[in-house]
Amino acid sequence: MRMLRMFLFLCVWGFSHIVHAQVTLEDCRQKARENYPQTRQYDLLRLSEEYTLSNAGKGNLPQISLSGKVSYQSEATTFPFDIPGLGSKGLPKDQYQAMIEVRQNLWDGGKIRNQKAQIQAATEESERQLDNSLYALEERVDQVFFGILLLDEQLSQHTLLEEELARSLKDVQSYRANGTANDADVDAVQVEILQTRQQRIQLESNRSAYLRMLSLLTGEELPPHTHLQRPEAVLETTSTINRPELRWYEAQEQTVSVQRKGLKTNYLPSFSLFAQGAYGNPGLDILKDKFRAYYLVGARFTWNFGSLYTLKNDRKKLDNQLQKIQSERDLFLFHTHLQLAEEDGTIQTLRQQMKEDEEIIRLRKNIRLSAEAKVANGTLSVSDLLKEITAENLSRQAKVLHEIQLLMHLHQQKHLTN
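Let me begin by describing the structure that accompanies this report. Here the structure is a predicted model, which means the values were calculated and not measured. (Residues numbered from 1 in each chain as written. Predicted model: local features only at pLDDT ≥ 70, side-chain atom pairs only at ≥ 80, totals over all residues. Heavy atoms only, no water.)

## Observations concerning the packing of helix α2 (residues 25-35) against helix α5 (residues 183-218)
- Between α2 and α5, whose axes approach to 7 Å, the crossing angle comes to 55°. By the angle between their directions, the pair α2 and α5 is classed as oblique. Residue-level contacts link Cys28, Lys31, Ala32 and Asn35 of α2 to Leu214, Leu216, Leu217 and Thr218 of α5.
- Here the residues of the contact of α2 with α5 sort into five nonpolar, two polar and one charged. (Axes fitted to C-alpha atoms, helices over the stretch in contact; angles between N-to-C directions. Helix = DSSP H or I, 4+ residues; strand = E, 2+ residues; numbered from the N terminus. Parallel < 35°, antiparallel > 145°, perpendicular 65-115°, else oblique. Contact = heavy atoms within 4.5 Å. Nonpolar A, V, L, I, M, F, W, Y, C, P; charged D, E, K, R; others polar.)

In structure tokens:
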């Protein structure tokens, strides 16, 4: 009973381990996005936007400034006669002032509001640019993932080839015992077996390297026995492109639009209230030569027309920038459509090739069986048999190569259109 429990435990553990080791393409993409260092920049961008917007909003809070002044002038206003009760014939040449001013903005022509809009537009543009980087990362993951799938299929075909060569070696050894083959024929088969083992070593080494690359991309250690699940063949997509690059271009256009609106705020008037408190000599009553405290309250109106001189050129610069963005988007769409046309041609070619793969394998198998019969009868050399075995194996490898390539190009086509 105890042995039965142990056996069931091992079976369950082994099954769960195998299931856990299966990795899908979507899992790899998601983990790669989470592991990619640039992903952390999303949070940094949002925090930066929050702080900058908060700072911009504080422009509507009362602004407090403190200033001081000490001066001495070579001449001062004097009076040619004495004024009763003044005790002085003019202003002092040395003057002192310490002032604190509180200013409250009422209307700044929309400068703060436009500043906030520019901050948000810049953050949106940066986030969309990060989207582009992460989308390009998915393509790298796809290439490594399908590379491992192809190596797995090639290793499977090598296993079949090794089994076929092992069976042929037994047959040739029996032919040698019967006198229809010699030692050179046995050696030829053994050489082919050794060369096949060498190829397996190279394939396994390549798979380990690819698996290591996938581990680095996903940030998760993948053991050598990891099994990659072959993705389903996606339907051929339409020519409609919905790439993140297009949203990046839209964000750039929005930034230019906000900047264009900001030009208007430079020549609009602004209104504010102010209060000043000061202590100095002379005070507001300049006829009294002594230190006094005083204050001022009032409203301030400012209208600066200097920006109108460059307004026309500033608008032209933004128009040129907008045209550049539109040109880059058109160029991106042009190249993407070219890539789609190329992918479509490759997919059609692979589909045509795959229609003939099964028939080629069937015919190669018949030729190989016929060659085996001829070798058994002594009418064909073992070297010629090995050529037919290799040719059959190559046709099987071509079939799996076409299958993986079709899957890869279908997903690449989907990636191009998103």
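## Focus on the pattern of salt bridges
- Scanning the model with the defined rule gives 31 salt bridges in all.
- Put simply, Arg29 and Asp142 hold a salt bridge, and the shortest N to O gap is 2.6 Å. On the criterion of sequence distance, the pair formed by Arg29 in helix α2 and Asp142 in helix α4 (residues 111-178) is long-range, its members being 113 residues apart. The same class applies to Arg29 and to Asp142, which are both buried.
- Ionic pairing is found between Glu164 and Arg167, a salt bridge with its closest N-O pair at 2.3 Å. Pair noted here: Glu164 and Arg167 are both in helix α4, with a separation of three residues, about one helical turn.
- Judged by its relative accessible area of 33%, Arg167 falls in the partly exposed class.
- A cluster of three or more residues bridged by salt bridges with shared partners is formed by Glu164, Arg167, Asp171, Arg368, Glu372, Glu392 and Arg396. (Salt bridge = Lys/Arg side-chain N within 4 Å of Asp/Glu carboxyl O. Buried < 20%, exposed > 50% of the residue type's maximum accessible area, 1.4 Å probe, protein only.)

## Digging into empty space enclosed by the protein
- In total, this model carries one cavity of 30 Å³ or more according to the counting rule given.
- Forming the boundary of the largest cavity are Val23, Asp27, Cys28, Lys31, Thr218, Glu220 and Leu222.
- For the lining of the largest cavity, the element with the most residues is α2, which contributes three residues.
- Of the residues in the lining of the largest cavity, the class split is three nonpolar, one polar and three charged. (1 Å grid on protein atoms, 1.4 Å probe; cavity = no way out; pocket = protein on both sides within 12 Å on 5 of 7 lines; lining within 4 Å. Points joined across faces, edges and corners; volume = space filled by probe spheres on them.)

## Some points on the packing of α4 against helix α8 (residues 382-417)
- Contact geometry of α4 with α8 gives a least axis separation of 10 Å together with a crossing angle of 165°. By the criterion of interaxial angle, the relationship of α4 to α8 is roughly antiparallel. Considering how the two elements wind past one another, α4 and α8 form a crossing that is right-handed.
- Counted by class, the contact of α4 with α8 contains 15 nonpolar, nine polar and six charged residues. (Left-handed = near helix turned anticlockwise from the far one by under 90°.)

## Some words on the environment of Arg176
- On the secondary structure map, Arg176 appears in helix α4.
- Judged by relative accessible area, which is 35%, Arg176 ranks as partly exposed.
- Each C-alpha atom of the pair Arg176 and Asn266 lies 99 Å from the other, and the pair is 90 residues apart in sequence.
- Non-local contacts of Arg176, meaning those with residues more than four positions away in its chain, are made with Ala181, Asn182, Asp183 and Val186.
- A polar contact is formed between the side chain of Arg176 and the side chain of Asp183, at a distance of 3.0 Å. (Polar contact = N/O pair within 3.5 Å; in protein donor to acceptor, adjacent residues only side chain to side chain.)

## Quick notes on the nonpolar core
- Within the largest apolar cluster, 21 residues are counted, with the highest numbers of intra-cluster contacts made by Phe145, Leu214 and Leu228.
- Of the residues forming this core, the biggest block, nine residues, is contributed by α4.
- With sequence-adjacent residues up to four places away left out, Leu228 is seen in contact with Val23, Phe145, Ile148, Leu149 and Leu214.
- Within the second largest apolar cluster, 15 residues are counted, among which are Leu169, Val172, Ile193 and Leu385. (Core = buried A, V, L, I, M, F, W, Y, C linked by side-chain atoms within 4.5 Å.)

## What about the packing of aromatic side chains?
- A complete count under the given rule lists eight aromatic pairs for this structure.
- Between Phe145 and Phe146, the ring centres sit 6.1 Å apart and the planes meet at 80°, which makes this aromatic pair edge-to-face.
- With a relative accessible area of 0%, Phe145 lands in the buried category.
- Both rings, one in Phe271 and one in Phe301, keep their centres 5.1 Å apart while their planes meet at 40°; by these two values the pair is tilted. Taken as a pair, Phe271 in strand β5 (residues 270-281) and Phe301 in strand β6 (residues 292-302) lie far apart in primary sequence, 30 residues in all.
- Assessed through its relative accessible area of 35%, Phe271 is described here as partly exposed.
- Here Phe301 falls in the partly exposed class, since its relative accessible area comes to 47%.
- The structure contains a cluster of three or more aromatic residues connected by ring pairs, namely Phe271, Phe301, Trp303 and Phe305.
- One cation-aromatic arrangement involves Arg300 over Phe274; the distance from NZ or CZ to the ring centre is 4.5 Å. (Phe/Tyr/Trp six-rings, centres within 6.5 Å; stacked < 30°, edge-to-face > 60°. Lys NZ or Arg CZ within 6 Å of the ring centre and 35° of its normal.)

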